[in-house]
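# Per-entry structural report
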There are 2 protein chains.
Amino acid sequence: MSQQVTLLLVEDDPGVYQFLLPALSAHGYRVQHARDLAQAREANGFAMVILDLGLPDGQGEQFIPHLRGFSDVPILVLSARQDELDKVHCLNLGADDYLMKPFGLQELLARIQVALRRTAIMQMRDHVYQHQSLVINRATGMVSKQGAILHLSPIEHALLMLLASKPGTIFTHSQLLAQVWGPDYIDDTHYLRIHIGRLRAKLEDQPSSPQTLLTELGIGYRLA
Amino acid sequence: MSQQVTLLLVEDDPGVYQFLLPALSAHGYRVQHARDLAQAREANGFAMVILDLGLPDGQGEQFIPHLRGFSDVPILVLSARQDELDKVHCLNLGADDYLMKPFGLQELLARIQVALRRTAIMQMRDHVYQHQSLVINRATGMVSKQGAILHLSPIEHALLMLLASKPGTIFTHSQLLAQVWGPDYIDDTHYLRIHIGRLRAKLEDQPSSPQTLLTELGIGYRLA
DNA sequence: TAAGGGTATATCAATCGCATAAACAACGAT
DNA sequence: ATCGTTGTTTATGCGATTGATATACCCTTA
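## Structural notes on the protein's contact with DNA strand C
If you check the shell around DNA strand C, you find 19 residues, and the closest are R193, R200 and T215 of chain A together with R200 and G218 of chain B. Protein-proximal atoms of DNA strand C, defined as those within 4 Å of the protein, fall in sugar or phosphate at a share of 74%. Contact distances for DNA strand C include 2.6 Å between a phosphate oxygen and a side-chain N or O atom of R193 of chain A. For the surface near DNA strand C, the leading source of residues is helix α9 (residues 189-203) of chain B, giving 4 residues. Grouping the amino acids of the surface near DNA strand C by side-chain chemistry returns 5 nonpolar, 9 polar and 5 charged.

Right, here's the structure in full:
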């Protein structure tokens, strides 16, 4: 495992965290430890959460919607409760997994891997767009065609990154103008036309009949 | 109803699938059913897999790396085996979840939701309208028929998106005219007729007897 | 069955939106 | 300081879209 991943462990029971903290560290994770919801709410910078439901200052499940309000990081719930309704409740609130005590360390580690793997897959998917010989890497901001790196102007770059953020989705003229130029430019459609034209000159094989950067007449533009 | 999500259920035990097939259908999923690995390998077009480990023609877990060779769809494993090593093995092979028999239907449904939520398919669900071979994706603004993308004019596009925002609901003439053309046009019903006609020419198989874009005589129009 | 309100389709000209070119100013890099 | 790049403005040709007119259609009711 290359770089360290930080987990947030929300757990008040010393019997559990005195066992988990060294075990997780030994398997290459950095761990932030919160003993109650107040501490948990102040934490940040973690890649996923391991949440015990039985906390001193309130029901641990309150933390799930709170976190979901601003974050999509995976949440793995630990609980001694056997009731199916508890599981369903937590999962519906936005948790990603629910593990009943007593659990095996190997299973916990495997389920942590699953959650991290899923988000890694999602991020890979979201960050690279490919169509024909054109490759757009939104993570690095690199655009290449037939292996050769294309140099784009700032506006061309901003336009293309925006379009590549949701390939296939139609962006209206006003959306593009507001995002790239600013809210005051939403009526200057001709700017858009010119810069779309310049983009096409760089990344289309035949700029006169675009295959990748497509016009939606009267509406806007989209990537194939 | 919006677009159905298709699940692949790999299960040979009649006692299980005779219970699961109707239950999953009742909760809005389309289900492909494979009784063994050979059938499972031939399936396609599913959004996630529910995989029973005890199959007649081999260990079910063989299917996990096979599928992972070309697909990232979520895999939820069902098994009667209680051994932690089995769980860890499957999860490390690429499964996303592991549910032990006997399990509750509500928990299974919740865990299916979690998996679909993670792959963002759930988000598409409410934004996609499907009827026969016509698919309207309101998130991307794309309209396709039998897989081929339809090109719509701005007015056609606005009309259809409005109708698709509440499929089944009747939109009155004045509502449609006010939304698409503007408040000053609420009496120009003939505009509506012309553009509804043009829409039908593009998206109905037999425009003379519409199956999707329906007339409510004297009131307005609606999607089937 | 005939009348009438409401609806569908065809055709066509005017208009609108798009792509492109050219010209120019502003800016940064060498 | 000069060159090259980038952002903006203006003008023009072209094709798609639209709205108007005219005609044909269908369902309901008397």
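## What to know about the sheet that holds strand β13 (residues 213-216) of chain B
All names here are of chain B. Spatially, the 3 strands line up as an open sheet ordered β12-β14-β13, and their pairing is antiparallel. At either margin of the open sheet sits one strand with a lone partner, and together these are β12 (171-172) and β13. Here 4 bridges tie β13 to strand β14 (residues 220-223), and the two strands are oriented antiparallel to one another. Bridge pairing in β14 places E216 opposite G220. Strand contacts of helix α7 (residues 154-165): β12, β13 and β14, with the helix running at about 70° to β14, the strand carrying the most contacts. Across the face of the sheet, α9 comes into contact with β13 and β14 while running at roughly 150° to β13.

## Here's the deal with the protein's contact with DNA strand D
As a matter of local geometry, DNA strand D sits amid 20 residues, with Y191 and R198 of chain A together with S153, Y191 and R198 of chain B nearest to it. Within 4 Å of the protein, the contacting atoms of DNA strand D are 58% sugar and phosphate, with bases supplying the remainder. Measuring from a phosphate oxygen of DNA strand D, one finds a side-chain N or O atom of H151 of chain B at 3.1 Å. W181 of chain B places a polar side-chain atom, nitrogen or oxygen, 3.3 Å from a phosphate oxygen of DNA strand D. Mapped by element, the contributors of at least two residues to the surface near DNA strand D are α6 (154-165) and α8 (189-203) of chain A together with α7 and α9 of chain B. At 5 residues, α9 of chain B tops the list of elements feeding residues into the surface near DNA strand D. For the surface near DNA strand D, a count of residues per class yields 11 nonpolar, 7 polar and 2 charged.

## Quick word on the interface of chain A and chain B
Contact residues are listed per partner, giving 35 residues for chain A and 33 residues for chain B. Between chain A and chain B the total buried area reaches about 2,800 Å² when both faces are included, carbon and sulfur atoms providing 50% of it. Its largest share of buried area at the contact with chain B, chain A owes to L91, R111 and R118 of chain A, together 20% of the area lost on that side. Across the chain A-chain B interface, the total number found is 6 salt bridges. Note that E107 of chain B and K87 of chain A form a salt bridge whose closest N and O atoms lie 2.9 Å from each other. For the interface between chain A and chain B, the tally reads 19 residue pairs in polar contact (both at pLDDT 80 or more). Of all elements in the fold, only α4 (84-93), β7 (97-100) and α5 (105-127) of chain A reach the threshold of two or more residues within the side of chain A that touches chain B. Counting residues per element, the side of chain A that touches chain B draws most heavily on α5 of chain A, which supplies 12 residues. Broken down by class, the residue content of the side of chain A that touches chain B amounts to 14 nonpolar, 8 polar and 13 charged.

## Let's talk about the side chain of E216 of chain A
Of note, E216 of chain A is situated in strand β13 (residues 213-216). A distance of 2.9 Å separates the side chain of E216 of chain A from the side chain of R222 of chain A, its partner in a polar contact. Each residue touching E216 of chain A, except ones within four places of it in the same chain, is listed here: I170, Y221 and R222 of chain A together with H151 of chain B.

## Structural notes on empty space enclosed by the protein
A full pass over the atoms with the stated rule returns 2 cavities of 30 Å³ or more. As a volume, the largest cavity reaches approximately 220 Å³. For the largest cavity, the lining is made up of 20 residues, of which D96 and V114 of chain A together with D96, V114 and R118 of chain B are closest to its centre. When contributions to the lining of the largest cavity are tallied by element, the ones reaching two or more residues are β6 (75-79) and α5 of chain A together with β6 (75-79) and α5 (105-118) of chain B. Partitioned by chemical class, the residues of the lining of the largest cavity number 12 nonpolar, no polar and 8 charged. Taken as a whole, the second largest cavity holds about 40 Å³ of empty space.

Cut-offs used in this document
Residues numbered from 1 in each chain as written. Chains lettered and ligands numbered in written order. Predicted model: local features only at pLDDT ≥ 70, side-chain atom pairs only at ≥ 80, totals over all residues. Heavy atoms only, no water. Near = heavy atom within 4 Å. Polar contact = N/O pair within 3.5 Å; in protein donor to acceptor, adjacent residues only side chain to side chain. Helix = DSSP H or I, 4+ residues; strand = E, 2+ residues; numbered from the N terminus. Nonpolar A, V, L, I, M, F, W, Y, C, P; charged D, E, K, R; others polar. Pairing = 2+ DSSP bridges. Contact = heavy atoms within 4.5 Å. Axes fitted to C-alpha atoms, helices over the stretch in contact; angles between N-to-C directions. Buried area = accessible area lost by both parts, 1.4 Å probe. Salt bridge = Lys/Arg side-chain N within 4 Å of Asp/Glu carboxyl O. 1 Å grid on protein atoms, 1.4 Å probe; cavity = no way out; pocket = protein on both sides within 12 Å on 5 of 7 lines; lining within 4 Å. Points joined across faces, edges and corners; volume = space filled by probe spheres on them.

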